[in-house]
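Summary of the model geometry
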Amino acid sequence: MGTGKTTVGQAIAKRLGWKQVDVDHCIVEATGKEIRDIFREQGEEGFRALETKMLAQVLNGSIPQVVTTGGGVVTRKQNVELIVRHGLAVALRATPETIVARLHADATRPLLAGDVERNVRRIMQEREGLYDFAPVQLVTDGKSVAQIVDELWAHPAFRRFLTQND
Ligand SMILES: Nc1ncnc2c1ncn2[C@@H]1O[C@H](COP(=O)(O)OP(=O)(O)O)[C@@H](O)[C@H]1O
Ligand SMILES: O=C(O)C1=C[C@@H](OP(=O)(O)O)[C@@H](O)[C@H](O)C1
Ligand SMILES: [Mg+2]
């Protein structure tokens, strides 16, 4: 959360001339409910079930596309397998300090509600290693969205992916 997936995904999609599909946005559209209301009414398990269903649907959609997911998508092995099978995974990283600075005033992420810093640190620990599968790893601290897009653009695995899927 707060590493910039939705924002950077939008920017890279624009540069590629591809559409961007954000799985969280699709869930909100399909259910007519905000993410925090889904968590409140159905708990995290209910949200994860919707997320897996929507991820599969989106990844089977028309290509080319940039798909952005919620950070918790990696907590289900099945989701990671789907992502690996369908495209090039890009993981965005940030330190807890950066994430707290970006999200401290944001009430849209139910898992961070309350003590944001403590929750960020706990969730990062719980998810240690779960993002390592992605062939592209980008550190976002102190970088503008444009800088991150440039780094992604120049990344050898990204260049290879574009060439192979031309
Ligand atoms: N590189 C960046 N530098 C500063 N702020 C950023 C950067 N990337 C994203 N943000 C801001 O951080 C917040 C979270 O970004 P978002 O794209 O929603 O992240 P995610 O989808 O990973 O949760 C937003 O307010 C966004 O404008
Ligand atoms: O990491 C998580 O468990 C979550 C991340 C959120 O998306 P972002 O990573 O885009 O903030 C959203 O899917 C939901 O609040 C749960
Ligand atoms: Mg997002």
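The rules behind each value
Residues numbered from 1 in each chain as written. Chains lettered and ligands numbered in written order. Predicted model: local features only at pLDDT ≥ 70, side-chain atom pairs only at ≥ 80, totals over all residues. UniProt positions renumbered as here; feature names shortened; annotations may be inferred. Helix = DSSP H or I, 4+ residues; strand = E, 2+ residues; numbered from the N terminus. Buried ≥ 20, exposed ≤ 12 C-beta atoms within 10 Å, placed from the backbone. Contact = placed C-beta atoms within 7 Å. Near = placed C-beta within 6 Å. Nonpolar A, V, L, I, M, F, W, Y, C, P; charged D, E, K, R; others polar. Arc of directions from axis to C-beta.

Going by the annotation in an unreviewed UniProt entry, the name recorded for the protein is Shikimate kinase, with Aneurinibacillus thermoaerophilus given as the source organism. Quoted verbatim from the Subcellular location (unreviewed entry) field of the UniProt record, the comment on the protein reads "Cytoplasm". Under the heading Function (unreviewed entry), UniProt records this for the protein: "Catalyzes the specific phosphorylation of the 3-hydroxyl group of shikimic acid using ATP as a cosubstrate."

Points about the UniProt feature "binding site: ATP" (unreviewed entry) in the protein
Residues annotated by UniProt as "binding site: ATP" (unreviewed entry) correspond here to Gly2, Thr3, Gly4, Lys5, Thr6, Thr7 and Arg109. Within the secondary structure layout, threonine 6 lies in helix α1 (residues 5-16). Accessibility expressed as a C-beta count within 10 Å gives 16 for threonine 6, which makes it partly exposed. Beyond its immediate sequence surroundings of up to four residues, threonine 6 is in contact with Asp22 and Thr68. As for its position among the elements, arginine 109 is in the loop between α5 (96-103) and α6 (116-126). With sequence-adjacent residues up to four places away left out, arginine 109 is seen in contact with Met1 and Leu103.

Focus: the site of ligand 1
Of all residues adjacent to ligand 1, which total 13 residues, the nearest are Gly4, Lys5, Thr6, Thr7 and Arg102. If you list the elements that add at least two residues to the shell around ligand 1, you get α1 and α7 (145-154). For the shell around ligand 1, the leading source of residues is α1, giving 3 residues.

A few points about the UniProt feature "binding site: substrate" (unreviewed entry) in the protein
According to UniProt, the "binding site: substrate" (unreviewed entry) feature falls on Asp24, Arg48, Gly71 and Arg127. Position of glycine 71 relative to the elements: it lies in the loop between β2 (65-68) and α4 (77-86). By the C-beta count within 10 Å, which is 21 here, glycine 71 ends up buried. Glycine 71 has contacts with Met1 and Thr3, leaving out every residue within four places of it along the chain. Locating arginine 127 in the fold gives a position in the loop between α6 and β4 (136-139). For arginine 127, a count of 13 C-beta atoms within 10 Å translates into the label partly exposed. When near neighbours in sequence (up to four residues on either side) are disregarded, arginine 127 contacts Val74 and Thr75.

Some words on the site of ligand 2
Every residue lining ligand 2 is accounted for by Met1, Lys5, Thr6, Asp24, Ile35, Gly70, Gly71, Gly72, Arg109, Pro110 and Leu111. Class assignment of the residues belonging to the shell around ligand 2 gives a composition of 4 nonpolar, 4 polar and 3 charged.

Topic: helix α2 (residues 23-31)
In an α-helix, one turn spans 3.6 residues, which is why side chains three or four residues apart end up on the same side. Here α2 has its buried residues at Val23, Asp24 and Ile27. Projected down its long axis, α2 shows its buried positions confined to an angular sector of 105°, all on one face. In the stretch just after α2, glycine 32 is the one whose phi turns positive, near 70°.

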